[in-house]
Each structure stands twice: as C-alpha cells, then as structure tokens.
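# Fold and geometry: a report
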Amino acid sequence: MNSQKAGGPHYSPFVVGGGFIFVSGQLPLLPGRDISLAAAPFASQAEQALFNLKAVLADAGAGLEQVVKTTVYLADVDDWGELDAVYGRFFGAARPARSVVPSGPLHFGFRIEIEAIALAAGTIS
C-alpha cells in the first residue's frame, strides 16, 4: 500500500509491507505549501522534519509509539547535540533505535532529513 498524498512523482511518502511502514526521508518543509525552512535555525528545521514524520505516520495509520527505527541525516555533525534535545522532546518515552549519519550537504541546503520504520497497524512488537 502506498500513499500518494505528498511526495514527488517518483516516490511515496510511505510504503507498507511485511508488517512495517517505511517512511521516506522527511525534510523541513511546511506541508501543503512546500515552503522551505532551509534558512531557519537548526532546531526549527529538526522540529519541522519531525512534525512531517508524524503527519506521514498518521496518514499510514500509525503514531510515534510504533516507530522502531529512525535514520537522521545531518549536514553538519556539530548539530548532533541540538538534534538530541529536539528529538528527545519529540519522542518522549518512545525510544526507537536510531542512526545519525553525518552526510555533508543535503539537497536544497537543508541541515536535516529523517526517515523511519514503524510497525504497521495490527503488528505485535
């Protein structure tokens, strides 16, 4: 099952398969208007990417508590500490496995991109 609510013509925001939801990389864009936050401070970019992740999960019938793994791409490894603070507030008690990848420059000048894997509805953890 694919979602076509958002995303480019060549990919889906999420795909459900094998009991999992695979969420494509989420960028700091304001939804519905595709307004870029590339010039915003890192914390604002991180928060927006996480809000976008949450929205895609909701479209897939899931919530943050079903996330089992995230991969976070950072343009600058020096943003890691600030990422931890924003990420910790966002996920709260949920503690999915996480990889942080210092990637160098990201597309469109963004400083962060986040992808996730979550349990699909009806899947037992």
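Every chain is numbered on its own, with residues counted from 1 as its sequence reads. Reporting of local features is limited, given that this is a predicted model, to residues whose pLDDT is at least 70; pairs of side-chain atoms are given and counted only at 80 or more, and all residues count toward the totals for whole chains, interfaces and linings. Water and hydrogen atoms were dropped before computing side-chain values, which therefore reflect all heavy atoms in the structure.

## Section: the overall build of the protein chain
- Numbering of helices and strands runs from the N terminus; a helix is a DSSP stretch of H or I covering at least four residues, while a strand is a stretch of E covering at least two. A tally of regular secondary structure across the protein chain gives two helices and seven strands.
- Secondary structure of the protein chain in N-to-C order comes out as β-β-β-β-α-β-α-β-β.
- We compute the radius of gyration over the C-alpha atoms and compare it with the globule rule, which gives 2.2 Å times the number of residues raised to the power 0.38. Scaling as 2.2 N^0.38, a compact globule of 125 residues should have a C-alpha radius of gyration of about 14 Å, and the protein chain matches this with 14 Å.
- For the protein chain, the spread of C-alpha atoms along the three principal axes comes to 40 × 35 × 20 Å.
- Within the protein chain, the proportion of its 125 residues that are buried is 38%.
- Two residues form a contact once any of their heavy atoms are found within 4.5 Å. Partitioning the intrachain contacts of the protein chain with sequence separation of at least 6 by distance along the chain shows that 70% fall at a separation of at least 24.
- If you sum the accessible surface of the protein chain, you get close to 6700 Å²; carbon and sulfur atoms cover 58% of it. Each residue is assigned to one of three classes by its accessible area relative to the maximum for its type, calculated with a 1.4 Å probe on protein chains only: buried under 20%, partly exposed between the two thresholds, exposed over 50%. In this description, accessible areas are obtained by the Shrake-Rupley approach with a 1.4 Å probe, and a residue is regarded as covered only by the protein chains that are shown.

## Some points on the packing of aromatic side chains
- Centres within 6.5 Å are what make two rings of Phe, Tyr or Trp a pair, Trp counting through its six-membered ring; a difference in plane orientation under 30 degrees is then read as stacked, over 60 as edge-to-face, and the rest as tilted. Taken as a whole and assessed by the stated rule, the structure comprises five aromatic pairs.
- Taken together, a centroid distance of 6.2 Å and an interplanar angle of 55 degrees make the contact between Phe20 and Phe22 tilted.
- For the pair Phe90 and Phe91, a centre-to-centre distance of 5.8 Å together with 75 degrees between the ring planes defines the contact as edge-to-face.
- Owing to a relative accessible area of 17%, Phe90 belongs among the buried residues under this scheme.
- A connected cluster of aromatic rings, assembled from ring pairs, spans Phe51, Tyr87, Phe90 and Phe91.
- Two conditions define a charge located above a ring, namely a distance within 6 Å from the ring centre to NZ of Lys or CZ of Arg, and an angle within 35 degrees of the ring normal. Here the guanidinium or amino end of Arg98 rests over the ring plane of Tyr87, the centre of that ring lying 4.7 Å away.

## Points about the environment of Phe22
- Relative to the helices and strands, Phe22 resides in strand E2 (residues 20–26).
- When the C-alpha atoms of Phe22 and Gly61 are compared, they prove to be 12 Å apart, with 39 residues separating the residues in sequence.
- When sequence neighbours within four positions are dropped, the list of residues in contact with Phe22 reads Pro13, Phe14, Val15, Gly17, Ala116 and Ile117.

## Side note on unusual backbone geometry
- For Phe108, which is not a glycine, the phi torsion comes out positive at approximately 60 degrees.
- Relative to the helices and strands, Phe108 resides in the loop between strand E6 (97–102) and strand E7 (112–119).
- Judged by its relative accessible area of 59%, Phe108 is exposed.

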